[in-house]
Amino acid sequence: MARLRVHNISMSLDGFAAGPRQDLENPLGVGGERLHDWVFATRAWRGVHAMEGGEQAGVDNDFAARGDEGIGATIMGRNMFGPIRGGWGDDAWRGWWGEEPPYHHPVFVLTHHAHAPIEMSGGTTFHFVTDGIESALEQAVAAAGGGDVRIGGGPSTIQQYLAAGLVDELHVAIVPVLLGAGERLFDDRGGAAGYECVEFVSSPAALHARLVKSG
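Please read these numbers as outputs of a predicted model, since none were measured by experiment.

**Q** Hey, could you run me through the overall build of the chain in this one?
**A** A count of helical and extended segments in the chain gives 6 helices and 11 strands. Over its C-alpha trace the chain gives a radius of gyration of 16 Å, about what one expects of a compact globule, namely 17 Å for 215 residues. Out of the 215 residues in the chain, the part that is buried amounts to 45%. Considering only intrachain contacts with a sequence separation of at least 6, the fraction spanning at least 24 residues in the chain is 63%.

**Q** I tried to follow the sheet that holds strand β8 (residues 169–174) on my own but got confused; where do I start?
**A** Working definition: the strands of a sheet are paired by backbone hydrogen bonds and lie parallel or antiparallel to each other. Taken together, 9 strands build an open sheet; the order of strands is β5-β6-β4-β3-β7-β1-β8-β11-β10 and the sheet is mixed. The open sheet has two edge strands, β5 (118–119) and β10 (195–202), and neither has a second partner. Examined bridge by bridge, strand β4 (residues 106–110) and strand β6 (residues 125–129) share 5 bridges and lie parallel to one another. Considered in β6, the bridge of V107 is made with F126. Of the strands in this sheet, β1 (4–11), β3 (71–77), β4, β7 (148–153), β8 and β10 touch helix α6 (residues 155–163), which is tilted by about 135° from β7.

**Q** Even after reading the chapter, I still don't get the pattern of salt bridges, so can you show me in this structure?
**A** According to the stated counting rule, one finds 9 salt bridges in the structure shown. With its nearest N and O atoms 2.7 Å apart, the salt bridge here joins D68 to R150. Separated by 82 residues along the polypeptide, D68 in the loop between α3 (59–66) and β3 and R150 in strand β7 bring together distant segments of the chain. Take D68: its relative accessible area is 34%, and that puts it in the partly exposed class. Note that K213 is salt-bridged to D168, the shortest N-O span being 3.9 Å. With K213 in strand β11 (residues 207–213) and D168 in the loop between α6 and β8, the pair connects residues that are 45 residues apart, well separated along the chain. The network of salt bridges with common partners includes R3, R5, R66, D148, E169, E199 and R210.

**Q** Mind showing me how you'd approach unusual backbone geometry here?
**A** Excluding glycine, most residues fall at negative phi; most peptide bonds, likewise, are trans. Cis geometry marks the peptide bond from G153 to G154; its omega dihedral reads -5°. Within the secondary structure, G154 sits in the loop between β7 and α6. If you check the backbone angles, R21 has positive phi at about 55° while not being a glycine. The topology assignment puts R21 in the loop between β2 (16–18) and α1 (37–40). Positive phi, close to 65°, is recorded for D91, a residue that is not glycine.

**Q** Just checking my understanding: could you explain the layout of surface pockets for this structure?
**A** With a probe scaled to a water molecule rolled over the atoms, the places where space remains empty come into view. Of the volumes computed, that of the second largest pocket is approximately 170 Å³. M1, A2, R3, L4, L137, V141, V149, L166, D168 and K213 together form the lining of the second largest pocket. Residues that form the lining of the second largest pocket fall into these classes: 7 nonpolar, no polar and 3 charged.

**Q** What's the story with the environment of M11 in this structure? I'm lost.
**A** Structurally, the position occupied by M11 is in strand β1. We classify M11 as buried; its relative accessible area is 12%. Separated by 175 residues in sequence, M11 and F186 place their C-alpha atoms 9.8 Å apart. Not counting residues within four places of it along the chain, the set of residues in contact with M11 comprises F16, A17, L35, V172, A173, I174, V175, L185 and F186.

**Q** Can you help me understand the packing of aromatic side chains in this one?
**A** When we look at a pair of aromatic rings, we describe it by the centre distance and by the angle of the planes. Applying the stated criterion across every chain, the model contains 9 aromatic pairs. When the centroid spacing of 6.5 Å and the interplanar angle of 50° are considered together, the rings of F81 and W97 count as tilted. Residue F81 is located in helix α4 (residues 78–81), and its partner W97 is located in the loop between α4 and β4; the two are separated by 16 residues in the primary sequence. A residue is classified by how much of its surface remains accessible, and W97, at 21% relative accessible area, is partly exposed. A centroid spacing of 5.0 Å and a plane angle of 85° characterise the contact between W93 and W96, whose relative ring orientation is edge-to-face.

The rules behind the values
- Residues numbered from 1 in each chain as written.
- Predicted model: local features only at pLDDT ≥ 70, side-chain atom pairs only at ≥ 80, totals over all residues.
- Heavy atoms only, no water.
- Helix = DSSP H or I, 4+ residues; strand = E, 2+ residues; numbered from the N terminus.
- Rg over C-alpha atoms; globule rule 2.2 N^0.38 Å.
- Buried < 20%, exposed > 50% of the residue type's maximum accessible area, 1.4 Å probe, protein only.
- Contact = heavy atoms within 4.5 Å.
- Pairing = 2+ DSSP bridges.
- Axes fitted to C-alpha atoms, helices over the stretch in contact; angles between N-to-C directions.
- Salt bridge = Lys/Arg side-chain N within 4 Å of Asp/Glu carboxyl O.
- 1 Å grid on protein atoms, 1.4 Å probe; cavity = no way out; pocket = protein on both sides within 12 Å on 5 of 7 lines; lining within 4 Å.
- Points joined across faces, edges and corners; volume = space filled by probe spheres on them.
- Nonpolar A, V, L, I, M, F, W, Y, C, P; charged D, E, K, R; others polar.
- Phe/Tyr/Trp six-rings, centres within 6.5 Å; stacked < 30°, edge-to-face > 60°.

Here you go:
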């Protein structure tokens with residue numbers, strides 16, 4: 001049975017998983033890129049993004065690699081897909097990742113505004129879901145071909161699935177950074193209730209916590 005997984009989500013010491021004021025120059029919000037320095041330095045992440053180099057051994061690389069294993073489809077919020085709000089405007093936006101995104105499988109984008117699917121090079125097709133998180137999950141499971149489904153982000157999307165008790169596994173990388181503002185991962189929704197920590201290890205760059213659904 002397909003599992004719903006969250007991987008490589010980074011959180012600051014003061015609880016923020018994205019910086020404030022996302023725009024074209026700050027895809028992760030102002031200061032948000034610092035949250036992900038640990039994964040940007042790994043060979044696993046860099047390989048998926050067609051980049052050379054990176055650390056091959058160690059805790060960080062292991063977690064980065066595990067986040068891609070067995071994934072057949074991805075769900076993400078509209079904020080993760082791009083900085084456009086409201087209607088789609090001139091309809092030219094096709095995501096942050098260029099003509100060949102690093103997913104190579106179906107991606108389901110939560111939105112309030114209908115949009116035709118966007119087929120990209122390398123096997124990624126963005127599908128836009130307007131009827132809620134359960135519908136997105138149902139479609140993603142069907143498209144995953146027996147693989148698991150990953151929530152790519154952002155924090156609000158993860159919160160919604162946690163609050164609904166639909167996440168089977170959650171990996172959070174806690175990094176030694178204070179952002180002071182932005183979007184929190186656990187924010188007054190009780191979403192973490194019903195999960196237990198089964199792995200808790202650290203590297204010089206991040207402390208990794210892996211939680212699974214209890215019972």
